[in-house]
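This is what each chain is made of:
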Amino acid sequence: MEKSHRMSRLSVHPRLGPRDSVFPGNPDLYRAVDTNATCSPYLRECVMAMEDCCDEAHEAQEIIRQGTYDLPRISSVLQSDRVFLLIDESTVRKYKADLTDEIEPQINELLSRAEKGLQLLLKKEGVLQAKVEASQSRPTAKAATNTAGMNKVDVRRMQILSRQRQKLEEEAAALQAEVDAMEMAAMKK
């Protein structure tokens, strides 16, 4: 990979030109020895390569600084402390009693609602059971239906009553299943 020979920012900057000699005395004394002396081209290349390295290091430092400038803040945010609080048994009992006092009335209210609902369903079951028994004690509509001597209104009424009886029987069966399920749940408690 061939590197282009460009002037680095340090070489072209007027303030960063060649530095003065570190030797005491007149710097012209050392320069006047050989006025035709020139720097080695290898030395110039070495200086330019060193300046390029400095530029690259400076750019890398800027990138790192931008990526980590808020590291202390992020470290403090991400730092987590475990805190263990030890309390005595009387405090635990006190809070447990407070929680019981707060929740117990709500639980009792829910239980009373459930019991009232169960009583209501039992009453409905009794009513529907009575209707089923009453409909069974009458001769069945299919067996006693003789529509030959009836007018259309009576036939229509028989069909409606038959459908109502069928619906009531289905409701009674559903309620019975629901009551059985509630009784099983009550026994499990």
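As the structure is a prediction and not an experimental result, all values here were calculated from the model.

Calculation criteria
Residues numbered from 1 in each chain as written. Predicted model: local features only at pLDDT ≥ 70, side-chain atom pairs only at ≥ 80, totals over all residues. Heavy atoms only, no water. Helix = DSSP H or I, 4+ residues; strand = E, 2+ residues; numbered from the N terminus. Areas by Shrake-Rupley, 256 points an atom, 1.4 Å probe, with all protein chains shown as cover. pLDDT = per-residue confidence, 0-100. Contact = heavy atoms within 4.5 Å. UniProt positions renumbered as here; feature names shortened; annotations may be inferred. Salt bridge = Lys/Arg side-chain N within 4 Å of Asp/Glu carboxyl O. Buried < 20%, exposed > 50% of the residue type's maximum accessible area, 1.4 Å probe, protein only. Core = buried A, V, L, I, M, F, W, Y, C linked by side-chain atoms within 4.5 Å. Expected span 1.5 Å × (residues − 1). Bend = angle between axes of the 7 residues up to and from the residue.

**A look at the overall build of the chain**
Helix and strand counts for the chain come out as 7 helices and 0 strands. Mapped from its N terminus to its C terminus, the chain presents α and β elements in the order α-α-α-α-α-α-α. Looking at the chain as shown, the accessible area adds up to about 17,200 Å², and 59% of this sits on carbon and sulfur atoms.

**Side note on the confidence of the model for the chain**
Any region with low pLDDT has predicted coordinates that should not be read closely. Scored by pLDDT, the chain comes out at a mean of 78, with 72% of its residues at no less than 70. In this model, residues 1–13 is a region of pLDDT below 50 whose contacts with residues beyond four sequence positions or in other chains number 16 contacts.

**What about the UniProt feature "coiled-coil region" (unreviewed entry) in the chain?**
With numbering aligned to this structure, UniProt lists the feature "coiled-coil region" (unreviewed entry) at residues 151–185. Summarising residues 151–185: 97% helix, 0% strand, and an end-to-end C-alpha distance of 52 Å.

**Remarks on the pattern of salt bridges**
Applying the stated rule across the entire model yields 5 salt bridges. Between Glu62 and Arg65 there is a salt bridge, and its shortest N-O distance comes to 2.9 Å. Residue Glu62 and its partner Arg65 are located together in helix α3 (residues 41–68), separated by 3 residues, close to a single helical turn. By relative accessible area, which is 42% here, Arg65 ends up partly exposed. Residue Arg113 is joined to Glu109 by a salt bridge in which the shortest nitrogen-to-oxygen separation is 3.4 Å.

**Notes on the nonpolar core**
In terms of nonpolar packing, the biggest core is built from 5 residues, these being Leu121, Leu128, Val132, Ala172 and Leu175. Counting only elements with at least two residues in this core, the list comes to α5 (89–137) and α7 (152–188). The contact partners of Ala172, leaving out residues within four places of it in the chain, are Leu128 and Val132.

**Considering α3**
Side chains of residues three or four places apart in an α-helix project in the same direction, reflecting 3.6 residues per turn. With 28 residues, α3 extends 40 Å between its outermost C-alpha atoms, agreeing within 8% with the 40 Å of an ideal straight helix rising 1.5 Å per residue. Every buried residue of α3 is accounted for by Met48, Glu51, Asp52 and Asp55.

**Some words on α5**
Between its terminal C-alpha atoms α5 stretches 68 Å, which fits the 72 Å expected from 49 residues at 1.5 Å a residue. At Ile103, α5 is deflected by roughly 30°, the largest bend along its length, and proline Pro105 occurs up to four residues later in sequence. Those residues of α5 lying buried are Leu121, Glu125, Leu128, Val132 and Ser135. Those residues of α5 that are buried are in contact with α7.

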